[in-house]
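# Notes for the structure review
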Amino acid sequence: MSIRRSVVAAVAAALATTVTLTGCGDDEEPKTYDPGLPSESEVTNSTEPSPTSSDPTPTEPSPTGPQEPLMPDAAKASGKQGAKAFVAYYIELLNYASWTGDTTAVREYGPRCRGCRADANLFESTYREGGWFKGGKWTPVPSSWAVLPRNPGYFVGVNIDAAKGEQRRRRGGEITRFLADRIHRDFHLVRAGQKWRITYMEAEVDL
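Before going into details, it helps to say that this report is about the structure given with it. (Residues numbered from 1 in each chain as written. Predicted model: local features only at pLDDT ≥ 70, side-chain atom pairs only at ≥ 80, totals over all residues. Heavy atoms only, no water.)

Below, the discussion takes up the overall build of the protein. Scanning the protein from N- to C-terminus turns up four helices and eight strands. Listing every helix and strand of the protein by position from the N terminus yields α-α-α-α-β-β-β-β-β-β-β-β. Within the protein, contacts between residues separated by at least 24 positions form 65% of all contacts whose residues are at least 6 apart in sequence. Of the roughly 11900 Å² of accessible surface on the protein, a fraction of 50% belongs to carbon and sulfur atoms. (Helix = DSSP H or I, 4+ residues; strand = E, 2+ residues; numbered from the N terminus. Contact = heavy atoms within 4.5 Å. Areas by Shrake-Rupley, 256 points an atom, 1.4 Å probe, with all protein chains shown as cover.)

Within the open sheet, the three strands sit side by side as S1-S5-S6. Their pairing is antiparallel. A single partner strand is all that each edge strand has here, and the edge strands are strand S1 (132-135) and strand S6 (175-178). Recorded for the sheet is a direction-independent mean angle of 15° between the axes of neighbouring strands. Examined bridge by bridge, S1 and strand S5 (residues 165-168) share four bridges and lie antiparallel to one another. Paired with Phe133 across the strands is Gln167, a residue of S5. This element, helix H4 (residues 114-128), spans S1 and S5 of the sheet and lies at about 110° to S1. (Pairing = 2+ DSSP bridges. Axes fitted to C-alpha atoms, helices over the stretch in contact; angles between N-to-C directions.)

In this section: helix H2 (residues 79-100). An α-helical segment advances 3.6 residues per turn. Residues three or four places apart therefore align on the same side. Taking 1.5 Å as the rise per residue, H2 with 22 residues should run 32 Å; its terminal C-alpha atoms sit 31 Å apart, in good agreement. Among the 22 residues of H2, 18 are classified as buried, and the element is accordingly described as predominantly covered. Gly101 sits one or two residues past H2 and shows a positive phi near 85°. (Expected span 1.5 Å × (residues − 1). Buried < 20%, exposed > 50% of the residue type's maximum accessible area, 1.4 Å probe, protein only.)

Under the definition given, this model contains six aromatic pairs. Put simply, the rings of Phe86, Tyr89, Tyr90 and Tyr109 pair up and form one aromatic cluster. Just above the ring of Trp132 sits the side chain of Lys134; from NZ or CZ to the centre is 4.4 Å. (Phe/Tyr/Trp six-rings, centres within 6.5 Å; stacked < 30°, edge-to-face > 60°. Lys NZ or Arg CZ within 6 Å of the ring centre and 35° of its normal.)

Below, the discussion takes up the pattern of salt bridges. Oppositely charged side chains can pair when the atoms bearing their charge come close. Using the criterion set out here, one finds five salt bridges in the structure. Arg107 serves as the salt-bridge partner of Glu124, at 2.9 Å between the closest nitrogen and oxygen. On the criterion of sequence distance, the pair formed by Glu124 in helix H4 and Arg107 in helix H3 (residues 104-108) is long-range, its members being 17 residues apart. On the basis of relative accessible area, Glu124 is assigned to the partly exposed category, the value being 22%. Between Asp119 and Arg185 there is a salt bridge whose closest N-O contact spans 3.0 Å. Of this pair, Asp119 sits in helix H4 while Arg185 sits in strand S7 (residues 181-192), and the two are 66 residues apart along the sequence. Across the pair, Arg185 and Asp119 agree in class, each one buried. (Salt bridge = Lys/Arg side-chain N within 4 Å of Asp/Glu carboxyl O.)

The next thing to look at is the packing of H2 against H4. Two elements in contact, H2 and H4, have axes separated by 8 Å at closest approach and are oriented at 20°. Between H2 and H4, the crossing angle belongs to the class labelled roughly parallel. Within the contact between the two elements, H2 uses Tyr90, Leu94, Ala97, Ser98, Trp99 and Thr100 and H4 uses Cys116, Asp119, Phe123 and Tyr127. Split into classes, the residues belonging to the contact of H2 with H4 amount to seven nonpolar, two polar and one charged. (Parallel < 35°, antiparallel > 145°, perpendicular 65-115°, else oblique. Nonpolar A, V, L, I, M, F, W, Y, C, P; charged D, E, K, R; others polar.)

Next up on the list: the side chain of His188. With respect to the helices, strands and loops of the structure, His188 is situated in strand S7. In this structure the side chain of His188 is engaged in a polar contact, spanning 2.8 Å, whose partner is the side chain of Thr199. Once residues lying within four places of it in the same chain are set aside, the contact partners of His188 are Arg150, Pro152, Gly153, Tyr154, Phe155, Arg197, Ile198, Thr199 and Tyr200. (Polar contact = N/O pair within 3.5 Å; in protein donor to acceptor, adjacent residues only side chain to side chain.)

So, on to the nonpolar core. Within the largest apolar cluster, 35 residues are counted, with the highest numbers of intra-cluster contacts made by Phe86, Tyr90, Val156, Phe187, Leu189 and Ile198. Of all the secondary structure elements, the ones that give two or more residues to this core are H2, H3, H4, strand S4 (154-162), S7 and strand S8 (195-204). Here the element with the most residues in this core is H2; it accounts for 11 residues. (Core = buried A, V, L, I, M, F, W, Y, C linked by side-chain atoms within 4.5 Å.)

Okay, here's the thing in structure tokens:
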């Protein structure tokens, strides 16, 4: 079991005493999966063509390493589909934070979410101590989305396929390899002005 999942389990146990939610499929949920994530063209932020061999050499090097995902328009919308798209986007932010240690956006969109803070603390402490995460990308399972009104806001439950990966807890520490796995996460989110905010992120370890 990965450290990420171990922390999730501990947070879930703490939250279970105060929050009880049940989720089920929504008959109105479209059968075609649309996670609301930006397409390749949408994340480019430029309408100019890519440089060719005849173009002058760029004056600045292209960025390397993982790039923070851009929020798609669908995740900015209110309502059921907006809530679903925002959770899909937030999962992408968790991936990014695990690969870089940059938890700014994770904390921004879940300032009062204990589960969000627990993940952010894990990523920050790992990189601060010279550790890292590699691989382990989380991908929502298309058929598993449950999006239900919960006043205020929405409950969103989804199964997640976690790819195999590696992690090192600290500089010079042992490298741990973990296999692909399937986990579950429940979210509650509300509108704060024109933006979504996650109030909690709860994990169910055994599916």
